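Structural characterization, general
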Amino acid sequence: MNILKKALIAVAVLGLAACDSDSNDAIALPAATVDTFSLQVLHASPDAPPVDILVNGNTVASGAEFKVGTAQSDLPVAGPYTIEVQGILAGGATASVIGPVDITFDADTIYTIVAVDTVANIAPLIFEQPRTPVSTGNARVAVLHGAPSAPQVDIFVTAPAASLAGMMPTATLAFGDAPAGPLEVPADDYQIRITAAGDATAVVYDSGTIPLGDGDDLFIAAVDNTGPGTSPVSLVALNGGGSLEIADAATPAVARIYHASPDAPTVDIVVNDNFAAPLVNDLAFGDPAAVASVPADTYNIKVSALDGAVIAIDADLTLDAGEAYDVLAIDNLASIRPLVLNDDPREVALYAKVRIIHGSPSAGNVDIYVTAPGTDINNAEPTLVDVPFEANTGYLALDAGDYEVTVTATGSKMAAIGPAPLNLAGGDVLSITAIDAAGGGTPLNILLNNDAL
C-alpha cells in the first residue's frame, strides 16, 4: 500500500469520527505506518579512489575510503531509488564509477551494496536479507568473498584454536559469489580462518580470537589487503552502525627509516637495546630508506654511531598493526630527533599520490611549486605556501604525467631545489624529502622514496 492511499484512508477515518457528534469520547486512532527497508554500502574496490555515495542525488557518504562502509539507513519504500557512486579524482573533480542506476527495494529487507573489483572493472554487488531480529543469545553473520586478487577459498568459522583437520568448511566461495549465510551462531568467541580451497593446511588469513556478541548482526567482506603483512586479504565487517576492519592476527607494522641529519655520521638503528643485532646497520645520510617489518608494539629506538659509543636518538615509538610509517632522523646532530609520519601505501589506479616532506634544517620556511615542465615560476602561484621545517604536504593526488618540483624560500622566486623533473604514473605512491647537503647547508637536495608496499 503506498503512502498516498494510507493518507486518504486516514482522512476518511477522521471524517467519520467527526460525524459522531453524539459522543464526547475521544477516539484513539492507530498511527499511520510507512513501509521501510535498510540500506548499507561498502567501498571494496582496492585501487579505486575515495568515493561519494549518492541516493536520489543526495550524498549519504562523502570521501569514503577503501574498506569503509556506511551505517544502515532506514528509507521508505517509495518506488525506485537512484544509486550512484562517484570517484573523487585528482583536483577534487568527481566521475561516476557506478551508476546512476535505478533500484527498487522491498520492505523489511536489509540491502547491502558492495562496490567490488579493480577500478577498471568496478561493479556493484547487491545482496538482500530479511530484516528480522537476531535470536536471543545468538549472533548473525554473512560472509562475502570480495577480494578480486584471491582465488576460490574455504572459510572456517570455529571455536578459537580448533583444529581444521577433517573439518568441513563453513563456506567455499569464489570472488563475487553470493554471500554465505546469514547464519546464526551462539554468541561466543570465534576464530575465522581462510584457506586455499580444498587444503585446510594452507591458511592465508587468520582473524585470531574475535567475540561475537548477543544480537550482533554482521555482514563480513573479505577484501584485498593493500597494507602491511603477507595475508592477501583482510576482513571488513558492517555492523549496522558503520564498518570495522579485522586484519590478519599476524599483521605487522612497517617502518621506513631515513637518515636525514646532514652532519651526523653513519649510524645503526638499535631496537630495545639489542646492540649485538641492530635492526639497521650502517645507514648513511641520504641513503635510500631502510625498510623494517615488525610486530605491533612499543619499541625503544636508539640511533647510535661509532658502534654504540654515541647515542644520537633515544625514543619510544608505538607502531600499530597494519600501519606503515616513515621514521626520519632529522635536524643537525646537536638537535637530532625522530620525525614519525603515517604512510598511506595503497595505490590508486586513477592518479599518483605524492607527499613532500620539509627535512632541511637550513632552509627555513619554503614555498613549493608543482608545475608543468618548463613553467616559469615567476608567473606561477605556489602549490603550497610557507611550509615550515618538519612539516609535510600529506599525499597530493596528481594526474599521471610529467611535472617539475621547485622549492624556494617563502616569498622568493629563487629556486633552492629544482626544478626537479618528476614523471608520474597512475598508482605511484611517492615521498619527496627536501634535505641539506652532506655536512649541512646548500645546495639542497631531495630524497625520492617509493611508499607503495
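Right above here is the structure, for reference.
Since this is a predicted model, take the numbers as computed values, not measurements.

The rules we used
Residues numbered from 1 in each chain as written. Predicted model: local features only at pLDDT ≥ 70, side-chain atom pairs only at ≥ 80, totals over all residues. Heavy atoms only, no water. Helix = DSSP H or I, 4+ residues; strand = E, 2+ residues; numbered from the N terminus. Contact = heavy atoms within 4.5 Å. Core = buried A, V, L, I, M, F, W, Y, C linked by side-chain atoms within 4.5 Å. Buried < 20%, exposed > 50% of the residue type's maximum accessible area, 1.4 Å probe, protein only. Salt bridge = Lys/Arg side-chain N within 4 Å of Asp/Glu carboxyl O. Pairing = 2+ DSSP bridges. Phe/Tyr/Trp six-rings, centres within 6.5 Å; stacked < 30°, edge-to-face > 60°. Lys NZ or Arg CZ within 6 Å of the ring centre and 35° of its normal. Axes fitted to C-alpha atoms, helices over the stretch in contact; angles between N-to-C directions.

**Structural notes on the side chain of Ser304**
Note that Ser304 resides in strand β22 (residues 297-305). What Ser304 contacts, discounting residues up to four positions off in sequence, is Thr266, Val267, Asp268, Val270, Phe275, Val310 and Ile311.

**Some words on the nonpolar core**
Ile257 and Ile269 are the most contacted members of the largest nonpolar core, which totals 24 residues. Every element with two or more residues in this core is listed here: β18 (253-259), β19 (267-271), β20 (280-283), β21 (290-294), β22, β23 (310-319) and β24 (324-330).

**Some thoughts on the pattern of salt bridges**
Counted by the stated rule, this structure contains 15 salt bridges. One salt-bridge network, in which partners are shared between bridges, spans Arg256, Asp326, Asp343, Arg355 and Asp451.

**Things to note about the pairing of strand β9 (residues 138-145)**
A large share of β9 lies buried, amounting to eight of its eight residues. Along β9, one buried face is formed by Asn138, Arg140, Ala142 and Leu144 and the opposite face, lined by Ala139, Val141, Val143 and His145, is buried too. For β9 and strand β12 (residues 180-186), the ladder comprises five bridges, and the chain directions are antiparallel. The partner of Val143 across the bridge, within β12, is Ala180. Judged from the six bridges that link them, β9 and strand β15 (residues 217-224) form a sheet pairing that is parallel. When the bridges of β15 are listed, Val141 appears paired with Leu218.

**A closer look at the packing of aromatic side chains**
For the structure shown, the criterion picks out six aromatic pairs. Both rings, one in Phe37 and one in Tyr111, keep their centres 5.9 Å apart while their planes meet at 90 degrees; by these two values the pair is edge-to-face. Taken together, the positions of Phe37 in strand β1 (residues 36-43) and Tyr111 in strand β7 (residues 109-116) put the pair 74 residues apart, joining distant regions of the chain. A residue is classified by how much of its surface remains accessible, and Tyr111, at 3% relative accessible area, is buried. Here the aromatic residues Phe37, Tyr81, Phe105 and Tyr111 are joined through ring pairs into a cluster of three or more. Over the ring of Tyr395 we find Lys353; its NZ or CZ atom is 5.7 Å from the centre of that ring.

**Focus on the sheet that holds β23**
Strand order across the open sheet formed by four strands is β20-β19-β22-β23, with antiparallel pairing between neighbours. In this open sheet, the two edge strands, each paired with only one partner strand, are β20 and β23. Shown here is a sheet whose adjacent strand axes are inclined to one another by a mean of 20 degrees, direction ignored. Of the strand pairs in this sheet, β19 and β22 are connected by five bridges, and their pairing is antiparallel. When the sheet's bridge partners are listed, Ile269 is paired in β22 with Val303.

**Regarding the pairing of strand β31 (residues 415-424)**
Looking at chain direction, strand β30 (residues 401-409) and β31 are connected through seven bridges and run antiparallel. Opposite Val407, over in β31, you have Ile417 as the bridge partner. In sequence, β30 turns back onto β31 through a hairpin of five residues, with Gly411 there showing a positive phi of about 85 degrees.

**So, the sheet that holds β30**
One open sheet holds the four strands; their spatial order is β28-β27-β30-β31, and the pairing between them is antiparallel. Each edge of the open sheet is held by one strand with a lone partner, namely β28 (384-387) and β31. Direction aside, the axes of adjacent strands within the sheet are offset by 20 degrees on average. Where strand β27 (residues 366-371) meets β28, two bridges bridge the pair, whose relative direction is antiparallel. Paired with Val366 across the bridge in β28 is Val387.

Interpretation in functional terms is not warranted from these geometric data alone.
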